[in-house]
Amino acid sequence: MITLALSKGRIFEETLPLLRAAGIEVLDDPDTSRKLILDTNQPQVRVLVVRATDVPTYVQYGGADLGITGRDTLIEHIAAWGGNAGAAGLYQPLDLGISRCRISVAVRADFDYAHAVRQGSRLRVATKYVAIARDFFATKGVHVDLIKLYGSMELAPLVGLSDAIVDLVSTGNTLRANRLVEVEHIMDISARLVVNQAALKLKQAPIRAIIDAFAGAIRA
Ligand code: PRP
């Protein structure tokens, strides 16, 4: 049995064509079904529906052989292993190039970020991406107090909870709607395939076949 962990929404939708390239059709729709284990047209392949942030955990501990997750989620997950995917037992063979966005620093339009940085001010930064934010500001030499949030980061500067946020930006609509401006582009994000290293050894042929089919579909 080959088990693939996916999160609902954009990653799920954008993974379907890649699965099709590997000859795999998912038989249930996670938006209408409450099932968490989805069958496919291949009796030996199943799909788990998990929270996006849980995908690396399922793959690391062997609950799934493979998973698809954003670079952001992966970096935050492997931070506990010194930022080393291999140390977490994860192999990262492919950048799938799907679910593209970026991680940025944003502030209220009336906050002079460049001035605050020049002055060496200590910034309060709200984010779900604590490892990414810590690393970015440390490299930049900016002192920050990080405030961990789990969503709706854009709210924090509006109510004085923080000076800045570190968050995903795709269209920029959420920032505009909340009168925030992007002041730093930290990194580009896309979805990655992650594989359990032990599973890759034990089930090499079928997992390699999936990796190769995905790689072919990306190239095409
Ligand atoms: C993400 C992100 C931003 C928004 C950016 O949130 O946190 O809020 O999308 O997209 P945009 O630039 O196209 O407006 P998401 O809706 O995924 O929910 P989340 O708050 O749970 O992360």
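Residues numbered from 1 in each chain as written. Predicted model: local features only at pLDDT ≥ 70, side-chain atom pairs only at ≥ 80, totals over all residues. Heavy atoms only, no water.

Asks: An account of the sheet that holds strand β4 (residues 66–70) is needed here, citing residue identities and associated values.
Replies: Across the sheet, which stays open at both edges, the 6 strands sit in the order β2-β3-β1-β4-β11-β5 with mixed pairing between neighbours. In this open sheet, the two edge strands, each paired with only one partner strand, are β2 (37–39) and β5 (90–95). Direction aside, the axes of adjacent strands within the sheet are offset by 30 degrees on average. When strand β1 (residues 2–6) meets β4, the two strands line up parallel, connected through 2 bridges. Note that in β4 the partner of A5 across the bridge is G67. Running at roughly 25 degrees to β5, helix α9 (residues 204–219) makes contact with β1, β4, β5 and β11 (191–196) of the sheet. (Pairing = 2+ DSSP bridges. Helix = DSSP H or I, 4+ residues; strand = E, 2+ residues; numbered from the N terminus. Axes fitted to C-alpha atoms, helices over the stretch in contact; angles between N-to-C directions. Contact = heavy atoms within 4.5 Å.)

Asks: Which residues make up the environment of I210, and what values go with them?
Replies: Topologically, I210 is positioned in helix α9. Considered as a pair, I210 and L19 are 191 residues apart in the sequence and their alpha carbons are 8.0 Å apart. The residues contacting I210, other than those within four sequence positions of it, are I2, I24 and L66.

Asks: Got a sec to walk through the pattern of salt bridges? Specific residues and values, please.
Replies: Under the criterion given, the structure shown has 10 salt bridges. For R192, the salt bridge is made with D95, and the minimal N-O distance between the two is 3.5 Å. Remark: D95 occurs in strand β5 and R192 occurs in strand β11; sequence separation between them is 97 residues. Overlapping salt bridges bring together D28, K35 and D39 as one network. (Salt bridge = Lys/Arg side-chain N within 4 Å of Asp/Glu carboxyl O.)

Asks: A description of the sheet that holds strand β7 (residues 123–127) should follow, citing residues and the corresponding values.
Replies: Across a sheet, paired strands are connected by hydrogen bonds in the backbone, their directions being either parallel or antiparallel. Judged by pairing direction, the sheet is mixed, and its 5 strands sit side by side in the order β8-β7-β9-β6-β10 without closing on themselves. Unpaired on one side and paired on the other, β8 (144–148) and β10 (180–189) mark the two borders of the sheet. Shown here is a sheet whose adjacent strand axes are inclined to one another by a mean of 30 degrees, direction ignored. Pairing analysis gives 3 bridges linking β7 to strand β9 (residues 164–169), with the strands arranged parallel. Following the sheet pairing, A126 is matched in β9 by I165. With respect to the sheet, helix α3 (residues 71–78) is in contact with β6 (101–108), β9 and β10, its orientation differing from that of β10 by roughly 75 degrees.

Asks: Got a sec to walk through the domain arrangement of the protein? Specific residues and values, please.
Replies: Taken domain by domain, the protein comprises domain 1 (2–99 + 190–219) and domain 2 (101–188). On the domain 2 side, the residues contacting the 8 residues of domain 1 number 11 residues. The junction of domain 1 with domain 2 conceals about 700 Å² of combined surface from both sides, 55% of it contributed by carbon and sulfur atoms. Three residues, R71, D72 and E76, lead the burial of domain 1 against domain 2; their summed loss comes to 61% of the area buried on that side. On inspection of domain 1 and its partner domain 2, the count reaches 0 salt bridges. (Domains from an automatic or database assignment. Buried area = accessible area lost by both parts, 1.4 Å probe.)

Asks: How would you explain the site of the ligand if you had to name every residue and give the values?
Replies: Taken together, K128, G151, S152, E154, D167, L168, V169, S170, T171, G172, N173 and T174 form the complete shell of residues around the ligand. At a separation of 3.0 Å, an oxygen atom of the ligand approaches a polar side-chain atom of K128. Within the backbone of S170, one N or O atom sits 2.8 Å away from an oxygen atom of the ligand. The fraction of the free accessible surface of the ligand (500 Å²) that becomes covered by protein chains is 61%. Breaking the shell around the ligand down by element, the ones donating at least two residues are β9 and α7 (173–177). Take the shell around the ligand: its biggest share by element is 3 residues, from β9. Per-class residue counts for the shell around the ligand are 2 nonpolar, 7 polar and 3 charged. (Near = heavy atom within 4 Å. Polar contact = N/O pair within 3.5 Å; in protein donor to acceptor, adjacent residues only side chain to side chain. Areas by Shrake-Rupley, 256 points an atom, 1.4 Å probe, with all protein chains shown as cover. Nonpolar A, V, L, I, M, F, W, Y, C, P; charged D, E, K, R; others polar.)

Asks: Account for the side chain of T40, with residues named and values stated.
Replies: The topology assignment puts T40 in the loop between β2 and β3 (45–49). In terms of polar contacts, T40 uses its side chain to reach the backbone carbonyl oxygen of Q42, at 2.9 Å. Within the local environment of T40, its side chain forms a polar contact with the backbone oxygen of V45, the two atoms lying 2.8 Å apart. Setting aside anything within four residues of it in sequence, one finds T40 in contact with I24, E25, V26, L27, V45, R46 and V47.

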